[in-house]
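Observations on chain architecture
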Amino acid sequence: MKYIKNYIGGQLVNPQSGNYIDNYDPSRGRVYAQIPDSEKSDIDSAVAAAEAAFPAWSGMSKSERSDIMIKAADLIEARMDEFAAAESLDNGKPVSLATHVDIPRAVSNFKFFATAILHFAAESHHMENLGINYTLRKPIGVVGCISPWNLPLYLFTWKIAPALAAGNCVVAKPSEITPMTAFMLSEICIEAGMPAGVLNIVHGLGHKVGDAMTRDPKIKAISFTGGTKTGETIAKIAAPMFKKLSLELGGKNPNIIFADCDFKQALSTTLRSSFANQGQICLCGSRIFIERPIYEKFRDAFVEKVSKTKVSYPTDPEAKLGALVSKPHLEKVMSYIDLAKEEGGSVLTGGTQVHLEGEYKDGYYLRPTVIEGLAFDCRTNQEEIFGPVVTITPFDTEEEVLAMANSTEYGLSATVWTEHLTRAHRVADQLHSGIVWVNSWLVRDLRTPFGGVKNSGVGREGGFEALRFFTEPKNVFIKSH
Ligand code: TXE
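Everything numeric in this text was worked out from a predicted model, so none of it was measured.

Taken together, 28 residues are adjacent to the ligand, and Ser147, Trp149, Glu176, Leu249 and Glu384 come closest. Measuring from an oxygen atom of the ligand, one finds a side-chain N or O atom of Lys173 at 2.8 Å. Within the contact set of the ligand, an oxygen atom lies 2.4 Å away from a side-chain nitrogen or oxygen of Glu384. Relative to its unbound accessible surface of 830 Å², the ligand loses 87% to contact with the protein. Residue contributions to the shell around the ligand reach at least three from each of two domains, namely domain 1 (2–249 + 456–479) and domain 2 (254–445).

Written out as structure tokens, the structure is:
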């Protein structure tokens, strides 16, 4: 049984309590490792280490910090297959997905912010016959990063990379459901020569470790990705402490397909946007709206392909879907399929568990599921399911589909399929979301602002937005006349 450790003050250490939590392999439905059941005392040690490391790390030149981050990226890349296998084992996703998406993006996150910081500048404002203002952007100090289980290393590094590049020292908590690659990153940072205390990774439960981070007055900013309810909990604690908050929360994203779309492209991309990562990406298009003239044609072609999508154990090279991340999550997703039936929906394909043979017989597998016949404002169409379940709904007019698309409490991303140029601009402009893809999905330029509106979050990650979040601007005026 593998016991992973916290990474505090440059050392791999056991939790002070000596207690551990089971870590599951979802593809086999069994415990395969133990993770620290850390407590406030472990966070206190991590914060002390970060505080001690801050003067030297923030005093280091940007290029020195950049070099260490590039080294870390190179070391991850050198162990790509090992990281991909570990990510897949921990999360249940196909190894092919971890190899092509998760781990390469973790490498990109480190490299992107290690170079972005070298180009991050601030402004000056000249006042004629008076003087000049200049803006300093200085690191905040000790910051907290809390990340979810769906894209573990991808989202973990998406937060810690800009924080480190900007000169902050970090206390980070990965999800207790998928801690393994964050633990492996600890080893990478030691090998990359990252100074002790610059990055501290404390494993454990959200309501204990994450809560202790949120409450610690020495942690001056929290960057969180996870569920909307958890984001609300964190905000209630952090807001009165006047901490900077970045909250990347849930989504219930519309995928709008007009009759004039490129049918073949829309069909193949909609398969990905519906079910990638077992539908466990907050950017997945879980509500598909199809203009009536092509509704039946698209529905039938889509259902045909979905019914042939292979659900298998993660190391199967033909697996398109792997296991869902945990038994509780599988049960939550299946409860929404039951709810959809109660609300009048018809399951056109999927809706049942997949029972594999042999060592995988107890894994958490679910067939990709397509449901039609639901009202746009029923619970199934309003609440985040976060699994391989999509609904399809016909529409007749642009006004109608915009009203349905914008009807939820979320506003993270949206997809629009049309070859009509002005309509693409018009619809994108009227969608209540932080991200809109036209004739595409999940095309990511790390320079762009990333995040949502309404209950999908507060603030933006990505590019200079992230570096601005992890720095404090200071305006200095020098009188010269
Ligand atoms: O979230 P949770 P999960 C959302 C996605 C879904 C959810 C799935 O839409 O709703 O995240 O991830 C820690 N104080 N996004 O189930 O439970 C917890 O330990 C402090 C949106 O993991 O919120 C874990 O490390 N921390 C996103 C982290 O919070 C607490 C992309 C997330 O856990 C805590 C990915 C507490 N009280 C997923 N309770 C986007 N918008 O980009 C838990 N945690």
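What follows continues from the structure just given.
Here helix α6 (residues 180–192) is 13 residues long and its end C-alpha atoms lie 19 Å apart, about the 18 Å a rise of 1.5 Å per residue gives. Counting buried residues along α6, ten of its 13 residues qualify, which places the element largely inside the surrounding structure. Among all positions in α6, only Met180, Thr181, Ala182, Phe183, Met184, Leu185, Ser186, Ile188, Cys189 and Ala192 are buried. Of the residues one or two after α6, Gly193 is the one with positive phi, at around 80 degrees.

Within the secondary structure, Thr391 sits in strand β19 (residues 389–395). Of the residues examined, Thr391 reaches a relative accessible area of 3% and is grouped as buried. One polar contact links Thr391 to Asn381, side chain to side chain, over a distance of 2.6 Å. The contacts of Thr391, once residues within four sequence positions are left out, are Ser286, Arg287, Ile288, Ile371, Leu374, Thr380 and Asn381.

Sheet architecture is open: three strands sit in the order β1-β5-β4, paired in mixed fashion. Each edge of the open sheet carries a strand with a single partner, namely β1 (2–3) and β4 (20–25). Pairing between β4 and strand β5 (residues 30–36): six bridges, direction antiparallel. Across the sheet, residue Ile21 finds its bridge partner in β5, namely Ile35. Lying on the sheet, helix α3 (residues 80–91) is in contact with β4 and β5; it crosses β4 at an angle near 100 degrees.

One open sheet accounts for seven strands, arranged β15-β18-β19-β14-β13-β21-β22; its pairing is mixed. Of all the strands in the sheet, the pair left with one neighbour each is β15 (346–349) and β22 (435–438). Adjacent strand axes in the sheet meet at a mean angle of 25 degrees when their direction is disregarded. The sheet strands contacting helix α13 (residues 398–405) are β13 (254–257), β14 (287–291) and β19, and the helix crosses β19 at an angle near 150 degrees.

Quick look at the side chain of Ser175 now. Tracing the backbone through its elements, the reader meets Ser175 in the loop between β9 (169–173) and α6. For Ser175, a relative accessible area of 6% puts it in the buried group. Contact partners of Ser175, with chain neighbours within four places excluded, come to Ser147, Pro148 and Trp149.

This part is about the domain arrangement of the protein. Each assigned domain of the protein is listed here: domain 1 (2–249 + 456–479) and domain 2 (254–445). Each of domain 1 and domain 2 has a C-alpha centre, and these two points are 30 Å apart. Counting from both sides, the interface comprises 25 residues of domain 1 and, opposite them, 27 residues of domain 2. Counting the surface lost from both domain 1 and domain 2, the interface buries some 2100 Å², and carbon and sulfur atoms represent 55% of this. Glu359 is the salt-bridge partner of Arg28, the closest N and O atoms lying 2.7 Å from each other. Our count for the domain 1 to domain 2 interface comes out at eleven residue pairs in polar contact (both at pLDDT 80 or more). Among the elements that make up the side of domain 1 that touches domain 2, the one with the highest residue count is helix α4 (residues 95–116) (four residues). Of the residues that constitute the side of domain 1 that touches domain 2, the class distribution is ten nonpolar, ten polar and five charged.

To continue, consider helix α1 (residues 40–59). Structurally, the α-helix is built with 3.6 residues per turn, so residues lying three or four positions apart point the same way. The terminal C-alpha atoms of α1 lie 29 Å apart, and with 20 residues this matches the ideal 28 Å at 1.5 Å per residue to within 8%. Ala53 marks where α1 bends most, by close to 45 degrees; the proline Pro55 follows one to four residues later.

For the rest of this paragraph, the subject is the environment of Gly144. Topologically, Gly144 is positioned in strand β8 (residues 142–146). Spatially, the C-alpha atom of Gly144 lies 25 Å from that of Gly411, the residues being 267 residues apart in sequence. Beyond its immediate chain neighbours, meaning those up to four positions away, Gly144 contacts Val171, Met213, Ile219, Ala221, Ile222 and Ser223.

Let's shift gears to the state of the cysteines. Scanning the entire structure with this criterion turns up zero disulfides. Unpaired in this structure, Cys169 has its nearest cysteine sulfur neighbour in Cys145, at a distance of 12 Å. Here Cys169 falls in the buried class, since its relative accessible area comes to 0%.

Scoring rules and cut-offs
- Residues numbered from 1 in each chain as written.
- Predicted model: local features only at pLDDT ≥ 70, side-chain atom pairs only at ≥ 80, totals over all residues.
- Heavy atoms only, no water.
- Near = heavy atom within 4 Å.
- Polar contact = N/O pair within 3.5 Å; in protein donor to acceptor, adjacent residues only side chain to side chain.
- Areas by Shrake-Rupley, 256 points an atom, 1.4 Å probe, with all protein chains shown as cover.
- Domains from an automatic or database assignment.
- Helix = DSSP H or I, 4+ residues; strand = E, 2+ residues; numbered from the N terminus.
- Expected span 1.5 Å × (residues − 1).
- Buried < 20%, exposed > 50% of the residue type's maximum accessible area, 1.4 Å probe, protein only.
- Contact = heavy atoms within 4.5 Å.
- Pairing = 2+ DSSP bridges.
- Axes fitted to C-alpha atoms, helices over the stretch in contact; angles between N-to-C directions.
- Buried area = accessible area lost by both parts, 1.4 Å probe.
- Salt bridge = Lys/Arg side-chain N within 4 Å of Asp/Glu carboxyl O.
- Nonpolar A, V, L, I, M, F, W, Y, C, P; charged D, E, K, R; others polar.
- Bend = angle between axes of the 7 residues up to and from the residue.
- Disulfide = S-S within 2.5 Å.

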